Amino acid sequence: MPTFNLKINNETHTVEADMDTPLLWVLRDQIDLVGTKFGCGIGQCGACTVHVDGNAMRSCLLQVSQAEGMNITTIEGLSEDGTHPVQEAWKEIDVPQCGYCQSGQIMTASAFLSKNPNPSDSQIRNAMHGNICRCASYNSIEEAVKVAADKLS
Amino acid sequence: MTPSKTMTFSRRSFLKSSALASGGILIGFNLFNACKPDAKVPVDISQLNFNDFNAFIKISDEGKVTIFSPNPEIGQGVKTSMPMLIAEELDVAWDDVYVEQGVLDTNNYTRQVAGGSQSIRFSWEPLRQTGATAKQMLVNAAAAKWGVDASECTAKLGVITNANGDTLGYGDVVKDAAGMEVPENVSLKDPKDFTIIGKATGNVDIDKIITGKPLFGLDYKEEGMVYASVLRPPAFGQVLDTFDASAAKALPGVIDVIVIGEKARKFLDKGFISWTSVISGTDKVVVVAKTTWDAIKGKKAIKATWKNDTPLESTENHDKILFDLLDGDKFDTQRSDGDVKKAFAQADKVIERTYEAPFLPHNCMEPMNFFANVTPEKVHLVGPIQTPEETAKVAAALLDRELEDIEVEMTRMGGGFGRRLYCDFVIEAAEISNAINKPVKMISTREDDMGTGVYRPSTKYRIAASIKDGKLTGYHLKEACVNGNMYGLIPNFFPAAAVENYKVDTTNYKSNITTGAWRAPYTNFLASAEQTFFDELAEEMGVDRIQLHLDLLENVKNNPDPKIEYSPERLQGVIKLAVEKSNWGKSEAGVYQGFSVYYCHNSHVAEVADIVMDNGTPTVKKVTCVVDCGIVVNPMGALNQVKGGVIDGIGHTMYSDFGFNNGIPLSKNFDTYQLIRMGQTPKVDVHFIENELAPTGLGEPTLPPVGAAVANAIYKATGKRLTKQPYMSNMNVGEKVIG
Ligand code: FES
Ligand code: FES
């Protein structure tokens, strides 16, 4: 099996995997970064969202061979101690219900706000539309994105 | 509820304390005998059997409190709210309380049962007694130390004070308390004095969730663990014929390909019920691999053929069969008052409508998965399951082991919605581990999860009502359902007892498609049907929709019926507040309002949906939701529950469609199956009725009424009565949207 050097959360990891292995499973099964979640495997739910060179991407669609050389950030590396403004806003609003979708929601929101720290309500709704929350914590997610935007600006 | 209630059962069998070598005291108690999801109201609490302990309070020498709660979290916030009940009566600062999932000593946890929406209701008193008893022991220890009478001492926020003003912290007396008698009679606080209950309290796992720490079943790992993906029949009714695993075995990450099913078959022969097709006894091909991806890839490489075992069913046949049943005369009568036939014959007008709803998959965000390690010494099972006690029994029967050999550990669950009451996926994991002699994690893909599920059954209601002299004189509801039916309780819900001539009849068709409980079982669609019907009925009667309900409830107050489950006063209460808070009847131009009210899962809920039409497509802008669930233990968690229930209800009544073609599910992933997304969600404005009644369920009761609130609002906007769910696919009121 080929080996790949991945830069994840500012650390280099060398993994052995099939070329077509989605980054999601490399993160979860091989590097023990299980904060990135599996929901659909086809890019529809957003549970597996990570940052690739600062952009939100679906790690279930990104093959390990394509991820080499890119700067990958997972929920575990979003901040040292859970104090990224988006994480703080999530805590303040107490967003999670079951919590399973939330790392994906946080990664989508944080990438979005880094590009658009002053979003309108409809921009927030559009930006978060790709992330499913089966518990339907959508009202709280929306509120928390606004709180995070306030913290950032 | 009486404050200062004195309990009668023997506390000695219920609580036990011991000093810890590391310092501090450990108090053991039984949490779940009192709050099983399937238990009835514990009318006589003295009958409860507190024989073993499955939860613990640890108080350290520094006075820090750790509550080991065996309660798994599905997303209802019970892992936070239940310890709040203990901490309130123990009288400690919530900041000094640490809540831990009780997996520290699995021997003590084999009897866990995860509560559903009812857990807070059943645990309300036992948990408060536990806290109060522990507090009394600490007070008694302090009193003994001072040589004064315990009645002269008070305790607050972890500090005990005597009449002279001397103080001792809980930590100072824990050692002595460990040797004290467990007091028989303790008093509970007056709700007015609550300082923790009723205070907004954040989720105890929040830090772990927002930083991505391992919490869920899918995150659990053990040394030497391999991964397994299971190939199950693609259609309900089919079984495995032949398979060729050579291509799969040639893949570098694949360890082995095996067949399971034999153990499950034997187990079914022992009389266990088959909950799902998954354990229908057919053979299944399992790919065992080094990683999840290797297992998924290996499964795709298997070439299998399937043969028909029982008829392959389609939604089209189901629809026809259910209509035929409704047209027929073979029903089980669930409740009958007066003479519906006569009322209908004498009526000025009879209106009759039929309502339809499809099958629905649960689609928990975390797909079904489980860890199993079967060794000669023990069977270790870890993962997201709501019924660990049942699971342990089932695993013992499956593997021919003693119950003592089975350890079930629960992880946090990425959603339940009823799916994790069934332990088919645990059985598979156990059978795989047993066959390969390795620790294994069985992981379902979304396609496996949605395609081999336990579905909310497809159901049709036909409701007829008679009107005479402008009054509602008769009400007849018929239900035709695939597999399951309404249970005995539902016929005693509103409008039972409100209409003189009343009848509920049910019938069903036995299908090979597996069906079961789905969030707010039995009422999730019934409420939509009835409350849409009432809207039309009021219009036909020429009376105000709200007044019709208030008047019918007045009838109930005047003719009390001991069998009914709901409280007419509390229903009237939520209706009135919803009218006020929603600005009912005074909405601005272009906003259309729909009303709905329902009682289920012991809570009373009224909802008003405000919709607007965007280019011919209805959009729900706001839902006003008024809830009477007694005391709100944790307002923060409660708001999450209520809003989630409302939005979930809108999603499934408007957008989510499911069915079968020749036994094959019509959707298997989110590219063709729609779950509600942020752009489709309204703001939910929540109001709780303030009272001091014991708390009731919150996870479920806000979901059932909302479908009708939306349908009634869409009627006002479009003039179309919606009778078939999901509305967006069936009434030409807008585009069907995915994603
Ligand atoms: S798992 Fe990647 S989008 Fe759903
Ligand atoms: S919190 Fe459960 S899926 Fe979002």
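Note that the coordinates shown come from a computational prediction; the quantities given were computed from them, not determined experimentally. The written sequence of each chain sets the order in which its residues are numbered from 1. Chain labels run from A onward and ligand labels from 1 onward, assigned in the order the entries are written. For a predicted model such as this one, the threshold for reporting local features is a pLDDT of at least 70, and the threshold for listing and counting side-chain atom pairs is 80 or more; totals across whole chains, interfaces and linings nevertheless cover every residue. Only hydrogens and water are set aside when side-chain values are computed; all heavy atoms of the structure are taken into account.

### Things to note about the overall build of chain B
Working step 1: Strands here are runs of E lasting at least two residues and helices are runs of H or I lasting at least four, both read from the DSSP assignment and numbered beginning at the N terminus. Looking only at helices and strands, one finds 18 helices and 28 strands in chain B.
Working step 2: Burial statistics for chain B: of 739 residues in total, 63% are counted as buried.
Working step 3: Accessible surface for chain B amounts to roughly 26,500 Å². Of this, 49% is attributable to carbon and sulfur atoms. The buried label applies to any residue whose accessible area, calculated with a 1.4 Å probe on protein chains only, is under 20% of its type's maximum; exposed applies above 50%, and partly exposed to all values in between. Note that accessible areas follow from Shrake-Rupley with a 1.4 Å probe, and for residues the cover is restricted to the protein chains shown.

### Some words on the interface of chain B and chain A
Working step 1: Two residues form a contact once any of their heavy atoms are found within 4.5 Å. Each side of the interface is counted separately: chain B has 63 residues, and chain A has 52 residues.
Working step 2: Both sides of the chain B and chain A interface together cover about 4,900 Å² of buried area, and 57% of this is carbon and sulfur.
Working step 3: Here the quantity called buried area is the total loss of accessible area, with a 1.4 Å probe, experienced by two parts when brought into contact, counted for both. The largest share of the area that chain B buries against chain A comes from B:Ile210, B:Met365 and B:Met678, three residues that together contribute 17% of it.
Working step 4: The salt bridge criterion pairs a side-chain nitrogen of Lys or Arg with a carboxyl oxygen of Asp or Glu, the two atoms within 4 Å. Between the two partners, chain B and chain A, sit 8 salt bridges.
Working step 5: The partner of B:Asp648 in a salt bridge is A:Arg134, and the shortest N-O contact between them spans 3.1 Å.
Working step 6: Counting of polar contacts relies on pairs of N or O atoms within 3.5 Å, with two restrictions inside protein: one atom must be capable of donating a hydrogen and the other of accepting it, and residues adjacent in sequence are counted only when both atoms are side-chain atoms. Put simply, chain B and chain A have 34 residue pairs in polar contact (both at pLDDT 80 or more) between them.
Working step 7: Every element with two or more residues in the side of chain B that touches chain A is listed here: helix 4 (206–211), helix 7 (292–301), helix 12 (446–451), helix 16 (635–654) and strand 28 (683–688) of chain B.
Working step 8: It is helix 16 of chain B that contributes the most residues to the side of chain B that touches chain A, 8 residues altogether.
Working step 9: By residue class, the composition of the side of chain B that touches chain A is 25 nonpolar, 24 polar and 14 charged. Classification convention: Asp, Glu, Lys, Arg as charged; Ala, Val, Leu, Ile, Met, Phe, Trp, Tyr, Cys, Pro as nonpolar; all other residues, Gly among them, as polar.

### Examining the sheet that holds strand 4 (residues 55–58) of chain A
Residues and elements named next belong to chain A.
Working step 1: Pairing is mixed in the open sheet, where 5 strands are placed in the order 2-1-5-3-4. Single-partner strands in this sheet number two, and they are strand 2 (11–16) and strand 4. Neighbouring strand axes in the sheet, compared pairwise and without regard to direction, differ in orientation by 40 degrees on average.
Working step 2: A strand pair is defined by DSSP finding two or more bridges across the two strands. Examined bridge by bridge, strand 3 (residues 49–52) and strand 5 (residues 71–73) share 2 bridges and lie antiparallel to one another. Pairing of His-51 across the sheet is with Thr-73, part of strand 5.
Working step 3: Contacts between helix 4 (residues 102–115) and the sheet are confined to strand 3, strand 4 and strand 5, with strand 3 contributing the most and set at about 35 degrees to the helix. Orientation is described by lines fitted to C-alpha atoms, with helices fitted over the stretch in contact, and by angles between N-to-C directions that extend from 0 to 180 degrees.

### Here we look at the nonpolar core
Working step 1: In this structure, A:Trp90, B:Leu381 and B:Ile432 are the most contacted members of the largest nonpolar core, which totals 136 residues.
Working step 2: Beyond its immediate stretch of four places on either side in the chain, A:Trp90 contacts A:Val95, A:Pro96, A:Gln102, A:Gln105, A:Ile106, A:Ala109, A:Ile141, A:Ala144, A:Val145, B:Ile206 and B:Ile210.
Working step 3: Each nonpolar core is a collection of buried residues, namely Ala, Val, Leu, Ile, Met, Phe, Trp, Tyr and Cys, held together in the definition by side-chain atoms within 4.5 Å. One finds B:Ile463, B:Phe533, B:Leu571 and B:Ile575 within the second-largest nonpolar core, a separate group that totals 51 residues.

### Topic: the domain arrangement of chain A
All names here are of chain A.
Working step 1: Domain start and stop points were drawn from an automatic or database domain assignment. When its domains are assigned, chain A resolves into domain 1 (3–77) and domain 2 (85–152).
Working step 2: Each of domain 1 and domain 2 has a C-alpha centre, and these two points are 21 Å apart.
Working step 3: With 17 residues of domain 1 at the interface, the matching set in domain 2 holds 13 residues.
Working step 4: Carbon and sulfur atoms supply 55% of the area that domain 1 and domain 2 bury against each other, a total of about 1,200 Å² over both sides.

### What to know about helix 1 (residues 78–90) of chain B
Working step 1: The span expected for a helix works out to 1.5 Å for each residue beyond the first. Here helix 1 of chain B contains 13 residues, and its C-alpha end-to-end distance of 18 Å stays within 8% of the 18 Å for a straight helix at 1.5 Å per residue.
Working step 2: Burial analysis of helix 1 of chain B places 13 of its 13 residues in the buried class, the great majority of the element.

### With respect to the pattern of salt bridges
Residues and elements named next belong to chain B.
Working step 1: All chains considered together, the criterion is met by 49 salt bridges over all chains.
Working step 2: One salt bridge in this structure joins Lys-175 and Asp-61, with 3.5 Å as the shortest N-O distance. Separated by 114 residues along the polypeptide, Lys-175 in helix 3 (residues 170–178) and Asp-61 in the loop between strand 3 (55–59) and strand 4 (65–69) bring together distant segments of the chain.
Working step 3: The residue Glu-89 makes a salt bridge to Arg-128 at a minimum N-O spacing of 3.1 Å. Of this pair, Glu-89 sits in helix 1 while Arg-128 sits in helix 2 (residues 119–146); the two residues are 39 residues apart in sequence, bridging distant segments of the chain.
Working step 4: Given the relative accessible area of 1%, Glu-89 is considered buried.
Working step 5: Judged by its relative accessible area of 2%, Arg-128 is buried.
Working step 6: A cluster of three or more residues bridged by salt bridges with shared partners is formed by Arg-353, Asp-535, Glu-536, Glu-539, Arg-545 and Arg-721.

### Things to note about the side chain of B:Glu536
Residues and elements named next belong to chain B.
Working step 1: Relative to the assigned elements, Glu-536 resides in helix 13 (residues 526–541).
Working step 2: We classify Glu-536 as buried; its relative accessible area is 7%.
Working step 3: Residues in contact with Glu-536, not counting those within four places in the same chain, are Ile-351, Arg-353, Tyr-355 and Arg-721.

### Observations concerning the domain arrangement of chain B
Residues and elements named next belong to chain B.
Working step 1: When its domains are assigned, chain B resolves into domain 1 (47–210), domain 2 (217–310 + 368–443) and domain 3 (331–359 + 455–730).
Working step 2: Computed over C-alpha atoms, the centres of domain 2 and domain 3 are 38 Å apart.
Working step 3: Residue-level contacts link 13 residues of domain 2 with 15 residues of domain 3.
Working step 4: Contact between domain 2 and domain 3 buries roughly 920 Å² in total, counting both sides, with carbon and sulfur atoms accounting for 57%.
Working step 5: Inspection of the region where domain 2 meets domain 3 yields 4 residue pairs in polar contact (both at pLDDT 80 or more).
Working step 6: Here the side of domain 2 that touches domain 3 is built from residues that sort into 7 nonpolar, 5 polar and 1 charged.

### Quick word on helix 10 (residues 388–399) of chain B
All names here are of chain B.
Working step 1: The first and last C-alpha atoms of helix 10 sit 16 Å apart over 12 residues, in line with the 16 Å expected at 1.5 Å per residue.
Working step 2: Of all 12 residues that make up helix 10, 9 are buried, and the element is covered over most of its length.
Working step 3: Taken together, the buried positions of helix 10 are Pro-388, Thr-391, Ala-392, Val-394, Ala-395, Ala-396, Ala-397, Leu-398 and Leu-399.
Working step 4: Just downstream of helix 10 lies Asp-400, where phi reads positive at about 55 degrees.

### Describing the packing of helix 16 of chain B against helix 17 (residues 706–718) of chain B
Any two packed helices are characterised by the angle at which their axes cross and by the distance between the axes.
Residues and elements named next belong to chain B.
Working step 1: For the pair helix 16 and helix 17, the least separation of the axes is 8 Å and the interaxial angle reads 60 degrees. In terms of orientation, helix 16 and helix 17 fall into the oblique class. Where helix 16 crosses over helix 17, the handedness of that crossing is right-handed. Facing Val-646, Gly-649, Ile-650, Thr-653 and Met-654 of helix 16, the residues of helix 17 in contact are Val-706, Gly-707, Val-710 and Ile-714.
Working step 2: Looking at the contact of helix 16 with helix 17 residue by residue, the class counts come to 6 nonpolar, 3 polar and no charged. Any angle that falls under 35 degrees is termed roughly parallel, while one over 145 is termed roughly antiparallel, one within 65 to 115 roughly perpendicular, and all others oblique. Helix crossings get a hand from a simple test, with the near helix turned counterclockwise from the far one by less than a right angle marking a left-handed crossing and a clockwise turn marking a right-handed one.

### Regarding the packing of helix 5 (residues 121–128) of chain A against helix 6 (residues 138–152) of chain A
Residue and element names in this part refer to chain A.
Working step 1: For the pair helix 5 and helix 6, interaxial distance at closest approach is 10 Å and the crossing angle is 120 degrees. With respect to helix 6, the axis of helix 5 lies oblique. Considering only the axes of helix 5 and helix 6, their crossing is right-handed. Judged by residue contacts, Asp-121, Ile-124, Arg-125 and Met-128 of helix 5 engage Ile-141, Glu-142, Val-145 and Lys-146 from helix 6.
Working step 2: Of the residues belonging to the contact of helix 5 with helix 6, the class tally is 4 nonpolar, no polar and 4 charged.

### Some details on the sheet that holds strand 14 (residues 332–337) of chain B
Residue and element names in this part refer to chain B.
Working step 1: Pairing is mixed across the open sheet formed by 5 strands, whose spatial order is 14-22-21-20-15. Here the strands that pair on one side only, and so sit at the sheet edges, are strand 14 and strand 15 (349–357). For this sheet the average axis-to-axis angle between neighbouring strands, irrespective of direction, equals 10 degrees.
Working step 2: Both strand 21 (residues 471–482) and strand 22 (residues 501–509) contribute to a ladder of 9 bridges, which runs parallel. Paired with Tyr-475 across the strands is Tyr-502, a residue of strand 22.

### Brief notes about the pairing of strand 12 (residues 284–289) of chain B
Residues and elements named next belong to chain B.
Working step 1: Among the 6 residues in strand 12, 6 count as buried, and that is most of the element.
Working step 2: Residues Lys-284, Val-286 and Val-288 line one face of strand 12 and the alternating positions Val-285, Val-287 and Ala-289 line the opposite face, and both faces are buried.
Working step 3: In this sheet, strand 12 lies alongside strand 9 (residues 226–231) in antiparallel orientation, the contact comprising 5 bridges. For Leu-231, the partnering residue across the bridge sits in strand 12 and is Val-285.

### Topic: the side chain of B:His652
Working step 1: Turning to its location among the elements, B:His652 is positioned in helix 16.
Working step 2: Overall, the relative accessible area of 7% leaves B:His652 in the buried class.
Working step 3: Side chain to side chain, B:His652 and B:Asp648 meet in a polar contact 2.7 Å long.
Working step 4: Residues in contact with B:His652, not counting those within four places in the same chain, are A:Arg134, B:Leu360, B:Trp518, B:Tyr673, B:Leu675 and B:Pro726.

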